[in-house]
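# Coordinate analysis (summary)
What follows is the residue order along each chain.
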Amino acid sequence: MAFIPHTAADVREMLEAIGAASIEELFDEIPASIRSRKPSGVPETLGEMEIGRLMRERAASDGEPLSFLGAGAYEHHIPAAVWAIATRGEFYSAYTPYQAEASQGTLQTIYEFQTMVASLTGMQVANASLYDGGSAFAEALLMAVRINRRSKSLKVLVPSTVHPHYRAAAGAITSHQGLRLEEMPYCTESGRILPEALARYEGEDVAALAIQQPNFFGVLEDVDALSDWAHRRRIPVIAVVNPTSLALLKPPGAWRGGADVVVGEGQPLGIPLSSGGPYFGFMATRMEHVRQMPGRIVGRTLDVAGRPGFTLTLQAREQHIRRGRATSNICTNQGLMVTAATIYLSLMGPRGLERVATACHARTAELLGALTRVPGVRAAFRSPYFHEVVLQLDRPAAPVLAALAQRDILGGVDLAPYYPELGAAFLACATETKTSADIEAFASAVREALSNQHAA
Amino acid sequence: MAFIPHTAADVREMLEAIGAASIEELFDEIPASIRSRKPSGVPETLGEMEIGRLMRERAASDGEPLSFLGAGAYEHHIPAAVWAIATRGEFYSAYTPYQAEASQGTLQTIYEFQTMVASLTGMQVANASLYDGGSAFAEALLMAVRINRRSKSLKVLVPSTVHPHYRAAAGAITSHQGLRLEEMPYCTESGRILPEALARYEGEDVAALAIQQPNFFGVLEDVDALSDWAHRRRIPVIAVVNPTSLALLKPPGAWRGGADVVVGEGQPLGIPLSSGGPYFGFMATRMEHVRQMPGRIVGRTLDVAGRPGFTLTLQAREQHIRRGRATSNICTNQGLMVTAATIYLSLMGPRGLERVATACHARTAELLGALTRVPGVRAAFRSPYFHEVVLQLDRPAAPVLAALAQRDILGGVDLAPYYPELGAAFLACATETKTSADIEAFASAVREALSNQHAA
Amino acid sequence: MQPHGEKLIFEYSRPGRAAFDQWPRVPQDAAGPAGAPTRPADIPAELARTEPPFLPEVSELDAVRHFTRLSQLNFSIDTHFYPLGSCTMKYNPKACNALAQLPQFLGRHPLAPDSHGQGVLACLYELQEMLKAVTGMQAVSLAPMAGAQGELAGVAMIRAYHRARGDLARKEIIVPEAAHGTNPATATMCGAVVREVPVGAEGDVSLEALRAAVGPATAGIMLTNPSTLGVFERRILEVAEIMHEAGGLLYYDGANLNAILGKVRPADMGFDVVHVNLHKTFSTPHGGGGPGAGAVGVGPRLAPFLPIPLVGRDEGAYRWLTERDVPQSIGRLSAFMGNTGVLLRAYVYMRLLGRSGMTAVADHATLNANYLLARLIRAGFAAAYPDRRASHELIVTLKREARELEVTAMDFAKRLLDYGMHAPTTYFPLLVPECLLIEPTETESKETLDAFVDALASIAREASEDPERVRGAPYTLPVRRLDDVRAAKQLDLTFKPAASAEGLTSA
Amino acid sequence: MQPHGEKLIFEYSRPGRAAFDQWPRVPQDAAGPAGAPTRPADIPAELARTEPPFLPEVSELDAVRHFTRLSQLNFSIDTHFYPLGSCTMKYNPKACNALAQLPQFLGRHPLAPDSHGQGVLACLYELQEMLKAVTGMQAVSLAPMAGAQGELAGVAMIRAYHRARGDLARKEIIVPEAAHGTNPATATMCGAVVREVPVGAEGDVSLEALRAAVGPATAGIMLTNPSTLGVFERRILEVAEIMHEAGGLLYYDGANLNAILGKVRPADMGFDVVHVNLHKTFSTPHGGGGPGAGAVGVGPRLAPFLPIPLVGRDEGAYRWLTERDVPQSIGRLSAFMGNTGVLLRAYVYMRLLGRSGMTAVADHATLNANYLLARLIRAGFAAAYPDRRASHELIVTLKREARELEVTAMDFAKRLLDYGMHAPTTYFPLLVPECLLIEPTETESKETLDAFVDALASIAREASEDPERVRGAPYTLPVRRLDDVRAAKQLDLTFKPAASAEGLTSA
Ligand SMILES: Cc1ncc(COP(=O)(O)O)c(C=O)c1O
Ligand SMILES: Cc1ncc(COP(=O)(O)O)c(C=O)c1O
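The rules behind each value
- Residues numbered from 1 in each chain as written.
- Chains lettered and ligands numbered in written order.
- Predicted model: local features only at pLDDT ≥ 70, side-chain atom pairs only at ≥ 80, totals over all residues.
- Heavy atoms only, no water.
- Helix = DSSP H or I, 4+ residues; strand = E, 2+ residues; numbered from the N terminus.
- Buried < 20%, exposed > 50% of the residue type's maximum accessible area, 1.4 Å probe, protein only.
- Contact = heavy atoms within 4.5 Å.
- Pairing = 2+ DSSP bridges.
- Axes fitted to C-alpha atoms, helices over the stretch in contact; angles between N-to-C directions.
- Buried area = accessible area lost by both parts, 1.4 Å probe.
- Salt bridge = Lys/Arg side-chain N within 4 Å of Asp/Glu carboxyl O.
- Polar contact = N/O pair within 3.5 Å; in protein donor to acceptor, adjacent residues only side chain to side chain.
- Phe/Tyr/Trp six-rings, centres within 6.5 Å; stacked < 30°, edge-to-face > 60°.
- Lys NZ or Arg CZ within 6 Å of the ring centre and 35° of its normal.
- Nonpolar A, V, L, I, M, F, W, Y, C, P; charged D, E, K, R; others polar.
- Right-handed = clockwise from strand over helix to strand, strands pointing away.
- Near = heavy atom within 4 Å.
- Areas by Shrake-Rupley, 256 points an atom, 1.4 Å probe, with all protein chains shown as cover.
- Parallel < 35°, antiparallel > 145°, perpendicular 65-115°, else oblique.
- Left-handed = near helix turned anticlockwise from the far one by under 90°.
- pLDDT = per-residue confidence, 0-100.

### Re the overall build of chain A
A tally of regular secondary structure across chain A gives twelve helices and 15 strands. In terms of overall dimensions, chain A has a C-alpha envelope of 80 × 60 × 50 Å along the principal axes. Out of the 456 residues belonging to chain A, those deemed buried represent 72%. For chain A, long-range pairs separated by at least 24 residues make up 72% of all intrachain contacts whose partners lie at least 6 apart in sequence.

Here's what the structure looks like:
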């Protein structure tokens, strides 16, 4: 049997040591009435060669289209070293570092990661990851509510420029604890929250304010004004950020008054798109809030010989100690992704990451130029943006995008289901992986699709 | 600059320590008249992302055709574990294990490999690899000539059923030392050497006899008779074997009288086809001849504390000690391939390897059946074979094979350039990687190609 | 002499050093990526970063060497026996990793159209089907990203179910006192009130206590079976009856599914919902902490509430199912589609095992645990439940050793590391004092188990002959025993260049 | 306590154990690969194997764990500084490996038609072109599979050239006494007679001796420049003149090309043929012994003789050139196309470096070597050529230490291992007594070099204060110093189950 090393002789000797006549006998505490047979819904075994062929055929059928999709998951160059090292057995097949002395590799990596995330976000401390950006956002809301001991309300202001899926996930996860996500409208001209929009919450008991920068549309929010408004009212500020953008954009820790909790999707840092996961959520905060932070945290300490070493710390926040009163139920996190991201950030360094961000931005500017030169396409907003833009068409986006997809170009995310008020609009993104030729191909495919549909 | 860690400050400090004003100055012993500029024939640097895209495009253009090519390189299933482990940095980026204490991983692997090769071939000792099967054959001829102290001639009997490229390589490599490869004709009926063919060498001074089993045509030679003939005349026997076949076929050590030197291509043991290399040649011999064997050899010994360990041994045979009187000039060998093959053989085990051989054989039988059912195709020989067959057509093979290639089926190797006496013939092979559907697709493509060409 | 640890990556950093080949060309600088890029002019100054982040500036070799060396400081399945109870540290087949990493799978954007995803969707669909088969459930969602999120989904569905029926009083979630911490933590996250029920001397939940606990406020119970005590809950059918009669539902924590794969299905035990830890039972790697995947399966009552997205099939084509298809869904748990890459690994693993392999897993995991139990008892160790069959794991209590020799379970665990084996889970479940929860898994051989027994026996000898030796362990690892109290008191959670001057740098 | 070594894979073997998932289904047994396959009936009994080969019967986990643990016993570039002189142990970029392993490249059969190989052929063609550019040669063949085979090709071409001109007397190949062993060994393999010429005190070949050596029997000379002594052969143009006037040709052993990349081209020094060790200069991995690639480049005189296959281009399409295209070729050196996978790695590496990167390699390799030289002299070590520039490598002689302290170069080398650094090359070139040939390469940082100097200085102190300590090294590796004499006398070259009973088994 695959992966089972027992020889017939082994089984015999082992049963003898146990004093059982058969393996079957070891299951004699299970009521006979519910014992089942082999699961007929599982096909018979395939060898590695056979499943390999099947998977290769299936992968080939998914193709490798030219993609301008972003919307929270970004195609970046991933250095070959990242996964060559992250998949080394010692990282790949280790458990959570409960036995610190036998897990210094993982622990030190996490400590380095925490340092990098804290610095990128401009915060003091970071955890060892949450599941993904969306669920990290949910945890941030819960944490902000815990931090805000003044507020009696569970109302959190969440601009509608925050990723719709993040809002959905946060709603699904936090509603059980009574949180209410108050959706703040955005300005359809500029694609961002106008600080004026906050006026209507004046005097209300608000538990927290969330800000995504750049927002879902790629537009830059006026973070200082928003953050300042909250701090003046002693409302904790939750920042949702794209880590790549932080090479160019002011880190949340430096927003006016500073963010209290910063979360984001770590995928851009060396993690493959992989249909949505595994990615990782990161979270950073101020030192004063560290005990309210969910997730694992690694600290540096000394061993009995006085040598430095690393260990999980502040575990009293966590489910395995605090149980029903833990900051979160999270246990398994996204460790291997963190290892990959730490290697990625080490290879990129501050200047490499800045180049990635600059290149993405330049490519998106090029994209914007090329597409808006196509008749029938215009930019939805005229605001500063980072590496992602909303484009409006003179007819519904879905069939145009479908026509592109037929030519193996994924042109963007149709916004109609999410933001009907924007009319025929889609969100497109170009990262450093795109060349001028790619962008030209995209633009001319759009041109053709629009004229074909005209003809039709 | 890629891969160079020197900062400007480093360079400054280092030059200062050296007492040089510039790096340029360090080259002042090179005559100025021949100093060159940057090599203009080398394009400017590409980033990893850029070369990645280029290589992926080029790889895609080579395609992944359905291949029935064999002729000395075979498409086998390679367990994912093989290369995941062989490319671990500690194996991949280590040098030849000159510092034994710091290279026990590589050394022990080679020792295990030597054990496996010796056992597969039925010999007493094996070396740590030669370049490939073809060059290993050349080394085998040279070694046999060294072994045969009785013979004054440098004439080696090499049947024409030995791989034509092996004969070519051996000729090119050994001719400088005066070896003459006497080509023995084969029986065009049976596709093998008839023992009677040896009669004409009776009484001649022959330095060695080579036998390939299975031979280039996939046909099984009458190894006992051939080997027996040689031993009776005290002529050393060189065996050229396919390691996969040794799971089913009598090992050369058990041929009548036993082979003296056994070589072969190691590629079938977990090494990708990769357009021809890197593969590895293996070589095994009798203990009495070990000092005549070229290539590295690892031995087990003890350390000063009495613990077992591994080290390169019998180095007095090698170029770095014996220089002009070494058994060969080989230095760098195919180490990493040996690591992969050792992992492959460990995963397969005796029974797994037997299954691979059996499955290959069965697939080839199926192929033979399917193709010979196509009108205009017939089997060239009616002899026992292993996993490879010669098929004859009623018209030239080249255009038929070209037509198949256009449909992404590589049907076999055209034998016309090598064996014109066989008429329109090609050599085809099916390994365990081929399914009945693959074979059917091949057969019907041949059927179609033959009828199309008829029409044309 | 040999450096024990490895410097921090920041300590390799030098201003100006970089892995230049990783830098993208910025369109402006056709000359190649040498200097600093021009900052985009269209980003307003007040929104721009002024100080570069504190990231290391190292060469590619520095990074490769550093992280390769770091990796070597870990124990892992690929290098060590790792019998961590409740964690199912079995062999992670290399094929699962290789095939989940095929370039088209890795490169596929989560929002790519279904037309460019039939391959991956087919795998996920079939994974749903196989999980239905092994759990006996009617429908499966692959959305949850780990066991704890599967629990959250499960309890949220239970609550949604009661709510949908207008049964708003059902706020209590019952958990046995031996439950894993995520169970009560999940109940809390779902806004439920946790009620603990005690476990009897033989390891079964007390039915009396359970009967007393249930009532109109009961939403459900969270159980694993076999339980965290390493024994099968024998009266599971009665538990189910009590719960169902009281109007509550049963949640199955699938962390221990390895024990019963193909032997008994959670649905047949009476469970209404189950989560499966694919990173345990189905051998996706644990990666030093994650990622995992906590697929949930449900019976007919909870099917309408499954978290999205699901994978459906219409006329031979696969597609994502969303709110529109599952209007009563408890919603989405992540931005996209959970840990798809993990799901692909589990899919490949299940296909490799196949039908017969499923049963074989439970058979041999159970055989290994019972063999260890027998041998350890014979070697003088005290089993927590000596009269019970072990499931896929077993508990030894070192109560006596702690009392008589002052050598604790922790000391045994640390000393085992010196013997080249990872320690079992210690101090969990909390119910059993000084316990080692040992899970060998089916992929370990008899020889390995024998070596483990020998090691524990040898430590026991050391504990009586030279207890200090055991208390001081480990000795042969990159660090000696670490000061957790100091870690929590003198928080050092990020590297600050100044801090190293204060002497905390790695040697 | 911690096992130092690792058992042999055979010692894990148990009859009946296997990695079953790797077994192919045999067509007969539709039921799946469980038992023994039926032996093919059409293989005559007298040609069939009767005893199964002695291969290990282990599980997949056994194999993975064993070889992973074995790997950890190695030093390597990815884990350690590895200044092995003459070997150019520089960083092997991971991208080169990843891109050479693209599935289409790996899967391509060597005899696949050119129509299914334009991608790989384009890479090889461009590699030929780039090698021409850096060597200054007119044509390049990628066929040789390592440096030594490149030498063989080179000397064979020289001999073919003379032969083609009817100049049959030219049988002598001159090599400097400091030459690498492959040089004389190659000459012998080519049926030539080796003539050694001495090297002067400053490391240059003695021109007088050379003039005396040449004559009508001279076929050619084999040189590396910089030489194996780590210095540039300053009178190379005179050497070339002497040789050419005598009717001999010059062979350039490219093992040291790293030193002069983009600085001076072998062709411009007067060489007629060069081999390039792609596994050194162009950073393909050394793999614990190989594979390498020893491309040869030639000037106009030798171009007709290049080994096949070459890659040519006709009307935009690439194709293999064979005997038909190169009728005077010295022939083929392997069954197929040399070490193509290695060539692809070198291709990617050269493209990553690019034009400016070539020069930068030589610049910084040379800077590193000269820096080490300066620092080591300052630390009290004796340079073999103190008045010369170092090239990309340098030689220190421990003659004094050996004489005065009886601590040899070997002892220093072994002790360095305890300091976590691989040893330099020892006792080569043979010319310099008690030498360390140190090649840092350009990919190592100043800090690493400083640490190396500190380590050597510390060992020098140990050597005078506690010489026994150094002589007994290493102490911290999987084994202590090994008994080479025993290895050669009591040959144990394969594992025999019986042998382990005699006590040679790993502990
Ligand atoms: C019994 C039990 N339940 C739940 C969990 C939580 O699973 P996860 O870590 O995947 O969130 C675990 C894993 O540690 C467990 O052992
Ligand atoms: C100077 C010199 N020449 C030739 C060679 C032989 O090269 P290879 O080992 O690739 O055959 C080497 C490598 O060891 C060398 O250092």
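### Overview of the sheet that holds strand 12 (residues 425-426) of chain C
Sheets are built from strands that pair by backbone hydrogen bonding, the pairs being arranged parallel or antiparallel. Residues and elements named next belong to chain C. If you trace the four strands from one edge of the open sheet to the other, you get 10-11-13-12, paired in antiparallel fashion. In this open sheet, the two edge strands, each paired with only one partner strand, are strand 10 (382-383) and strand 12. As judged from the four bridges shared by strand 11 (residues 394-397) and strand 13 (residues 435-438), these two strands associate in the antiparallel manner. Residue pairing in the sheet places Leu394 in a bridge with Ile438 of strand 13. On top of the sheet, helix 11 (residues 340-378) reaches strand 10, strand 11 and strand 13; it is set at about 20° to strand 11, its chief contact.

### Notes on the interface of chain A and chain C
Taken together, the contact pairs 190 residues of chain A with 213 residues of chain C. Taking both partners together, chain A and chain C bury about 17,000 Å²; carbon and sulfur atoms supply 62% of that area. For the pair chain A and chain C, the number of links is ten salt bridges. With a closest N to O distance of 3.2 Å, Glu13 of chain A and Lys446 of chain C form a salt bridge. The tally of links from chain A across to chain C stands at 92 residue pairs in polar contact (both at pLDDT 80 or more).

### Here we look at the sheet that holds strand 10 (residues 382-383) of chain D
Residues and elements named next belong to chain D. Across the sheet, which stays open at both edges, the four strands sit in the order 10-11-13-12 with antiparallel pairing between neighbours. Each end of this open sheet is capped by a strand with a single partner; those strands are strand 10 and strand 12 (425-426). Bridging between strand 10 and strand 11 (residues 394-397) involves two bridges; their strand directions are antiparallel. Across the sheet, residue Ala382 finds its bridge partner in strand 11, namely Thr397.

### Brief notes about the packing of aromatic side chains
Counted according to the given criterion, the structure contains 46 aromatic pairs over all chains. Taking the centre distance of 5.2 Å and the plane angle of 45° together, the rings of Phe217 of chain A and Phe381 of chain A count as tilted. Residue Phe217 of chain A is located in the loop between strand 5 (208-213) and helix 8 (223-232), and its partner Phe381 of chain A is located in the loop between strand 11 (377-379) and strand 12 (389-393); the two are separated by 164 residues in the primary sequence. Comparing Phe217 of chain A with Phe381 of chain A, the two get one shared label, buried. Arranged with centres 5.0 Å apart and planes meeting at 65°, the rings of Phe20 of chain D and Trp23 of chain D form a pair that is edge-to-face. Judged by relative accessible area, Phe20 of chain D falls into the buried class, the value being 15%. Members of the aromatic cluster, each reached through a chain of ring pairs, are Tyr186, Phe216, Phe217, Phe381 and Tyr419 of chain A. Taking the ring centre of Phe68 of chain A as reference, the NZ or CZ of Lys434 of chain A above it sits at 5.8 Å. Seen from the ring of Phe27 of chain A, Lys263 of chain C lies directly overhead, with NZ or CZ sitting 4.5 Å from the centre.

### Here we look at the interface of chain C and chain B
Listed as interface residues are 15 residues of chain C and, on the opposing side, 17 residues of chain B. Linking chain C with chain B are two salt bridges. The partner of Arg25 of chain C in a salt bridge is Glu50 of chain B, and the shortest N-O contact between them spans 2.8 Å. Across the contact surface, chain C and chain B share seven residue pairs in polar contact (both at pLDDT 80 or more). Counted by class, the side of chain C that touches chain B contains five nonpolar, four polar and six charged residues.

### Side note on the pattern of salt bridges
Taken as a whole and assessed by the stated rule, the structure comprises 116 salt bridges over all chains. Residue Glu126 of chain C pairs with Arg58 of chain A through a salt bridge whose shortest N-O separation is 2.6 Å. One end of the pair, Glu126 of chain C, is in helix 5 (residues 118-135); the other, Arg58 of chain A, is in helix 2 (residues 48-62), on a second chain. Judged by relative accessible area, Arg58 of chain A falls into the buried class, the value being 14%.

### Here we look at the pairing of strand 6 (residues 237-241) of chain B
Residues and elements named next belong to chain B. In terms of burial, strand 6 is a largely internal element, five of the five residues being buried. Burial along strand 6 is two-sided: the residues Val237, Ala239 and Val241 and Ile238 and Val240 are all buried. Of the strand pairs in this sheet, strand 5 (residues 208-213) and strand 6 are connected by five bridges, and their pairing is parallel. Bridging from a neighbouring strand, Gln212 pairs with Val240 of strand 6. In this fold, strand 5 hands off to helix 8 (residues 223-232), which returns the chain to strand 6; that crossover is right-handed. The sheet contact formed by strand 6 and strand 7 (residues 261-265) spans four bridges and is parallel. Along strand 7, the bridge assignment pairs Ile238 with Val261.

### Focus: the site of ligand 2
Taken together, 15 residues are adjacent to ligand 2, and Thr332 of chain B together with Ser86, Asp253, His279 and Lys280 of chain D come closest. Each of chains B and D places residues near ligand 2. The backbone of Gly147 of chain D places a nitrogen or oxygen atom 2.7 Å from an oxygen atom of ligand 2. In this structure, an oxygen atom belonging to ligand 2 sits 2.6 Å away from a side-chain N or O atom of His279 of chain D. Contact with the protein chains covers 99% of the free accessible surface of ligand 2, which is 380 Å². Of all the elements, helix 5 (residues 147-164) of chain D adds the most residues to the shell around ligand 2, at three residues.

### Some thoughts on the side chain of Lys434 of chain A
Its location among the elements puts Lys434 of chain A in the loop between strand 15 (425-428) and helix 12 (436-455). Sequence-distant contacts of Lys434 of chain A, defined by excluding residues within four places in its chain, comprise Leu66, Ser67, Phe68, Glu75 and Arg363 of chain A.

### With respect to the site of ligand 1
With respect to spatial proximity, 15 residues lie near ligand 1, and among them Thr332 of chain A together with Ser86, Asp253, His279 and Lys280 of chain C are the closest. More than one chain reaches ligand 1: the nearby residues come from chains A and C. Contact between ligand 1 and Lys280 of chain C: an oxygen atom at 3.0 Å from a side-chain N or O atom of the residue. Taken by itself ligand 1 offers 390 Å² of open surface, and the protein chains cover 99% of this.

### Thoughts on the pairing of strand 10 (residues 308-313) of chain A
Residues and elements named next belong to chain A. With respect to burial, strand 10 is a largely interior element, six of its six residues being buried. Where burial is concerned, the two faces of strand 10 agree: the one with Pro308, Phe310 and Leu312 and the one with Gly309, Thr311 and Thr313 are both buried. Relative to strand 10, strand 9 (residues 297-302) is paired through six bridges, and the arrangement is antiparallel. The residue bridging Arg300 from the neighbouring strand is Phe310, located in strand 10. Between the end of strand 9 and the start of strand 10, which pair antiparallel, lie five residues, with Gly306 showing a positive phi angle near 85°.

### Quick word on the packing of helix 10 (residues 340-378) of chain D against helix 13 (residues 446-465) of chain D
Residue and element names in this part refer to chain D. Taken N-terminus to C-terminus, the directions of helix 10 and helix 13 make an angle of 30°; their axes are 10 Å apart at the nearest point. Between helix 10 and helix 13, the interaxial angle falls into the category roughly parallel. Every pair of crossing elements has a handedness; the one defined by helix 10 and helix 13 is right-handed. Seen from helix 10, the contacting residues are Asn368, Tyr371, Leu372, Arg375 and Leu376; seen from helix 13, they are Lys446, Leu449, Asp450, Phe452, Val453, Asp454 and Leu456. Considering only residue class, the contact of helix 10 with helix 13 consists of seven nonpolar, one polar and four charged.

### Digging into the confidence of the model for chain C
Residues and elements named next belong to chain C. Looking at chain C, pLDDT values average 94 and 95% of them are 70 or higher. pLDDT under 50 marks residues 499-507. Its contacts with residues more than four places away, or in other chains, come to 19 contacts. Predicted as a complex, the structure gets a pTM of 0.97 and an ipTM equal to 0.97.

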